[in-house]
Amino acid sequence: MNVDIGNALASVSAPGVSRGSLEALDEQVAAAHERIETGRANREHGYEALNLPDRTDPETIRSAVEPIADADAIITVGIGGSALGAATITDALAGESETEAIYLDNVDPEWVSSRLERLPLERTAINVVSRSGTTAETLANFLVVRDAFESAGVDWTDRTIVTTGDSGPLRDLSDRHDLPSLKVPDGVPGRFSALSSVGLVAPAVCGHDLEALLEGAAAEADSLSGSLFECPAYAYGATTYALDARGAGINAMVPYSESLETSAEWFAQLWAESLGKDDLGQTPVRALGVTDQHSQLQLYRAGPRDKFVTFVTTRQRRDRSIPETDVEDLAYLGDATLGELLEAEFEATEASLAAAGRPNVRIELESVDEYELGGFLYGMEAACVLAGELYGVNTFEQPAVEWAKKATRGLLGGGAFEEAEAVAEKTELRIER
Ligand SMILES: O=P(O)(O)OC[C@H]1O[C@](O)(CO)[C@@H](O)[C@@H]1O
């Protein structure tokens, strides 16, 4: 990935960061890079994620999925980091595969049922993923999926692969039924595990090129250096940190490619769960180019100066020409292609923000393919780790999510939790029709 931070400079936007401030910040980037490299060398928790391009073995993943490699569809039962990395890859490359990839990462009963009812279960594989092996949504959905297969007379044990830790209910279930399974890598938090067995089982079943994904990531890893002026990932991480310090704490991720829409969801977890702690952090917002030019752009250009936009663009794509028309006013369209229109709209929107003095950053990919996706996933992870060092937060934990999990368990009779009692003490001010 290449990064252009020109429109985040104080000479263009307010809030903006001056060249001098970036150079001063670069000293902190150098120190942070040293810390990151030490963490990688010692395989420390979290930093180990940045070693995945060298650690992940595509052959191991491919042989584990061999029994289900002929599936017409694969249901991934997982949530958060146990779904979003894989979904980013398979959604981006959906046009390249005959296998449909579905993700059950919610417990809305109507939605889950509608997905199960429309699938040919006898031709469908089940990919259950949970690092902890205890996540209620994932285990509940797995029990529901298993039941659906049994009711359809399909042997789910033949069609299931499990990725989880060394212990926990999911590991026990996998061992009891002798299911094909993979281990989540040690020291890699869920949201940083796209380039491991966690994120690569579904892409493998969809026939995507795992080696190219990891090569792209490895190339990005080679670009990590002690200066933001030499490393696109660190330039992005440092600039977002500097913009937040100047009041732009909302980061709107706007890919200009439908196939990258899910990557904005993946980015939102990475950024929110890693940096959102100790009253710090940036608020990731998901949008899509060109569609949200017609819904969000007004705010981005003329609303509060509390945000910046991250554009993700691709240089190459399969194009489609716009037919000629004899309608004079539309002649300018007839001479173009949809890709040219998309490109013009992106450049115009980017320039419109700069003209209004609104900070924005451009991330460029050559195209949407495995190599570029691997580089993008790795680059954004490295940018996040760098930003976490600059904020001085623990990038790799997410303690604030546990309260609601305990309350949920308590509400369902899964143990005595004070959090569940607190739910009943809600302050009410109801306005009813
Ligand atoms: O992989 P697991 O342990 O099921 O967790 C799923 C997700 O839930 C979280 O723990 C948040 O609740 C995320 O950090 C994680 O990616």
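Per chain, residue numbering runs from 1 following the sequence as it is written. For a predicted model such as this one, the threshold for reporting local features is a pLDDT of at least 70, and the threshold for listing and counting side-chain atom pairs is 80 or more; totals across whole chains, interfaces and linings nevertheless cover every residue. To obtain the side-chain values, all non-hydrogen atoms of the structure were used and water was disregarded.

Where an unreviewed UniProt entry is consulted, the protein appears under the name Probable glucose-6-phosphate isomerase, with the organism given as Natrarchaeobius halalkaliphilus. UniProt positions are given in the numbering used here, feature names are shortened, and annotations may be inferred rather than shown by experiment. Within the UniProt record for the protein, the comment given under Catalytic activity (unreviewed entry) is "alpha-D-glucose 6-phosphate = beta-D-fructose 6-phosphate". Turning to the protein, the UniProt record has this under Sequence similarities (unreviewed entry): "Belongs to the GPI family."

(A) The site of the ligand, seen in detail. Any residue with a non-hydrogen atom lying within 4 Å of a molecule or strand is treated as near it. Around the ligand lies a shell of 14 residues, among which S82, S130, S132, T135 and E273 are the nearest. Between an oxygen atom of the ligand and a main-chain N or O atom of G81, the distance comes to 2.8 Å. Pairs of N or O atoms within 3.5 Å make up the polar contacts considered here, provided that, within protein, one atom can donate a hydrogen while the other can accept it, and that residues adjacent in sequence are counted only when both atoms are side-chain atoms. In the environment of the ligand, an oxygen atom lies 2.7 Å from a nitrogen or oxygen atom belonging to the side chain of E273. Values of accessible area rely on a 1.4 Å probe in the Shrake-Rupley scheme; residue burial ignores everything except the protein chains shown. Coverage of the ligand by the protein amounts to 87% of the 390 Å² it exposes when considered alone.

(B) Here's a closer look at the UniProt feature "active site" (unreviewed entry) in the protein. Following the UniProt record, one finds the feature "active site" (unreviewed entry) at E273, H294 and K405. Across 133 residues, the annotated set is spatially dispersed, with a maximum C-alpha separation of 37.2 Å. Here a helix means four or more residues in a row that DSSP labels H or I, a strand means two or more in a row labelled E, and each is numbered from the N terminus. Within the secondary structure, E273 sits in helix α11 (residues 261–275). Only protein chains enter the calculation, and the probe is 1.4 Å; a residue is then buried if its accessible area is under 20% of its type maximum, exposed if over 50%, and partly exposed in between. Given a relative accessible area of 23%, E273 falls into the partly exposed group. Residue contacts are defined here by distance: any two heavy atoms, one from each residue, within 4.5 Å place the two residues in contact. Setting aside residues up to four positions removed in sequence, E273 forms contacts with R191, A268, T395, E397, Q398 and V401. There is a polar contact of 2.8 Å between the side chain of E273 and the side chain of R191.

(C) Spotlight on the packing of α11 against helix α15 (residues 370–391). One way to put it is that α11 packs onto α15 with a least axis distance of 10 Å and a crossing angle of 20 degrees. Classified by the angle their axes make, α11 and α15 are roughly parallel. For the element pair α11 and α15, the recorded crossing hand is right-handed. Within the contact between the two elements, α11 uses S263, W266, F267, L270, W271, S274 and L275 and α15 uses F376, L377, M380, E381, A383, C384, A387, G388 and Y391. For this scheme, ten residues count as nonpolar: Ala, Val, Leu, Ile, Met, Phe, Trp, Tyr, Cys and Pro. Four count as charged, namely Asp, Glu, Lys and Arg, and the remainder, Gly too, count as polar. Tallied by class, the residues present in the contact of α11 with α15 amount to 12 nonpolar, three polar and one charged. All axes are obtained by fitting lines to C-alpha atoms, using only the stretch in contact for helices, and the reported angles, taken between N-to-C directions, cover 0 to 180 degrees. In this scheme, roughly parallel covers angles under 35 degrees and roughly antiparallel covers those over 145, while 65 to 115 is roughly perpendicular and the rest are oblique. Helix crossings get a hand from a simple test, with the near helix turned counterclockwise from the far one by less than a right angle marking a left-handed crossing and a clockwise turn marking a right-handed one.

(D) Structural context of helix α1 (residues 19–41). A rise of 1.5 Å per residue sets the reference length of α1, with its 23 residues, at 33 Å; its end C-alpha atoms lie 32 Å apart and thus fit the reference within 8%. Bend at a residue means the angle formed by two fitted axes: the first through the 7 residues ending at that position, the second through the 7 residues beginning there. At E27, α1 is bent by approximately 25 degrees, the largest bend along its length. Among the residues making up α1, those that are buried are L22, L25, D26, V29, A32, H33, I36, G39 and R40. Contacts from the buried residues of α1 go to α9 (210–222), α10 (232–245) and α15. Positive phi shows up at R43, right after α1, with a value of about 55 degrees. Multiplying 1.5 Å by the residue count of a helix minus one yields the expected span of that helix.

(E) Highlighting the sheet that holds strand β2 (residues 73–77). Whether two strands pair comes down to DSSP finding at least two bridges between them. What the five strands build is an open sheet, ordered β3-β2-β4-β5-β6; its pairing is parallel. Edge positions in the sheet fall to β3 (100–104) and β6 (181–183), since each of these pairs with one other strand and no more. The sheet shows a mean angle of 15 degrees between the axes of neighbouring strands, taken without regard to direction. Pairing geometry for β2 and β3, over five bridges, is parallel. Residue pairing for β3: T76 is matched across the bridge by Y103. Sitting on the sheet, helix α6 (residues 136–151) touches β2, β3, β4 (124–130) and β5 (160–164), and the angle it makes with β4 is about 160 degrees. Relative to the sheet, helix α7 (residues 169–176) contacts β4, β5 and β6, its axis offset from that of β5 by approximately 145 degrees.

(F) Quick look at the sheet that holds strand β10 (residues 360–365). If you trace the five strands from one edge of the open sheet to the other, you get β1-β10-β9-β7-β8, paired in mixed fashion. Only two strands of the sheet have a single partner each, and these edge strands are β1 (2–4) and β8 (283–286). Between one strand axis and the next, the sheet turns by 20 degrees as a mean value, whatever way the strands run. Pairing analysis gives six bridges linking strand β9 (residues 307–314) to β10, with the strands arranged parallel. From the neighbouring strand, T313 faces β10, where its bridge partner is E364.

(G) The arrangement of the domain arrangement of the protein in detail. Either an automatic procedure or a domain database provided the assignment from which the domain bounds are taken. Considered domain by domain, the protein is made up of domain 1 (2–37 + 214–391), domain 2 (50–208) and domain 3 (403–433). Between the C-alpha centres of domain 1 and domain 2 the distance comes to 30 Å. With 26 residues of domain 1 at the contact, the number on the domain 2 side is 22 residues. Take the accessible area each of two parts loses on contact, using a 1.4 Å probe, and add the two losses: that sum is the buried area. Of the roughly 2,100 Å² buried at the junction of domain 1 and domain 2 (both faces included), carbon and sulfur atoms supply 71%. It is L214, Q269 and E381 in domain 1 that bury the most area against domain 2; as a group they hold 27% of the surface buried on that side.

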